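# Report on the structure
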Amino acid sequence: MKLARLPLQAIAGGTFALVVSVAQAQVLDVKPGHWKKTIRMEKGGKVTMNETLDACMTRENLDFDVLRKKFGDNKGVCKLIEEEVTGTRQKITLQCMGSTTRSTTQVKSREHVVVNATIDNAGHISTSNEEWRFVKSDCPKPASK
């Protein structure tokens with residue numbers, strides 16, 4: 001499946017993981033573990049998502065080399081552009097077939113991150129505002145089937 005065909009929520013939901021991956025390589029300091037993510041998405045002035053979710057950020061998720069390899073292996077489907085990197089701020093653009101995501105991550109502390117993104121999917125513009133708060137070092141166990 002090509003990234004450009006993923007639902008908007010999947011693209012935006014992955015934004016923080018992507019940005020944190022880029023950020024970690026640039027020495028932005030966030031803790032791995034269990035995080036609570038509050039996400040609000042809008043499209044055409046209408047709220048399409050407003051909820052709080054659990055997320056597990058592992059060391060592997062935070063490894064930019066893993067992310068760079070992923071984009072290197074995608075045969076040109078997506079291009080990752082690093083625009084601005086400081087100790088507390090990361091601006092990136094992810095260009096995929098028919099879709100461009102521009103994201104700014106602000107690390108408020110090792111346990112608090114804010115991500116704002118604009119997603120242009122073939123002229124259909126959506127915005128995503130996320131607030132991430134660290135819960136604890138251990139991630140929740142997956143529910144058994």
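Owing to the predicted nature of the structure, the values given are computational and were not obtained by experimental measurement.

A word on the packing of aromatic side chains. A complete count under the given rule lists 2 aromatic pairs for this structure. Summarising the aromatic geometry, the rings of tryptophan 35 and tryptophan 132 are spaced 6.4 Å apart at their centres and angled 65 degrees between planes, so their arrangement reads as edge-to-face. With a gap of 97 residues between them, tryptophan 35 in strand 1 (residues 33–43) and tryptophan 132 in strand 7 (residues 124–136) connect regions that are remote in the sequence. Aromatic side chains tryptophan 35 and phenylalanine 134 sit 5.7 Å apart centroid to centroid with 80 degrees between the ring planes, which places their arrangement in the edge-to-face category. Taken together, the residues span a long stretch of sequence, with tryptophan 35 in strand 1 and phenylalanine 134 in strand 7 at a distance of 99 residues. Each member of the pair, tryptophan 35 as well as phenylalanine 134, carries the same accessibility label: buried. Cluster of aromatic residues (ring-pair linked, three or more members): Trp35, Trp132 and Phe134.

Rules and cut-offs
- Residues numbered from 1 in each chain as written.
- Predicted model: local features only at pLDDT ≥ 70, side-chain atom pairs only at ≥ 80, totals over all residues.
- Heavy atoms only, no water.
- Phe/Tyr/Trp six-rings, centres within 6.5 Å; stacked < 30°, edge-to-face > 60°.
- Helix = DSSP H or I, 4+ residues; strand = E, 2+ residues; numbered from the N terminus.
- Buried < 20%, exposed > 50% of the residue type's maximum accessible area, 1.4 Å probe, protein only.

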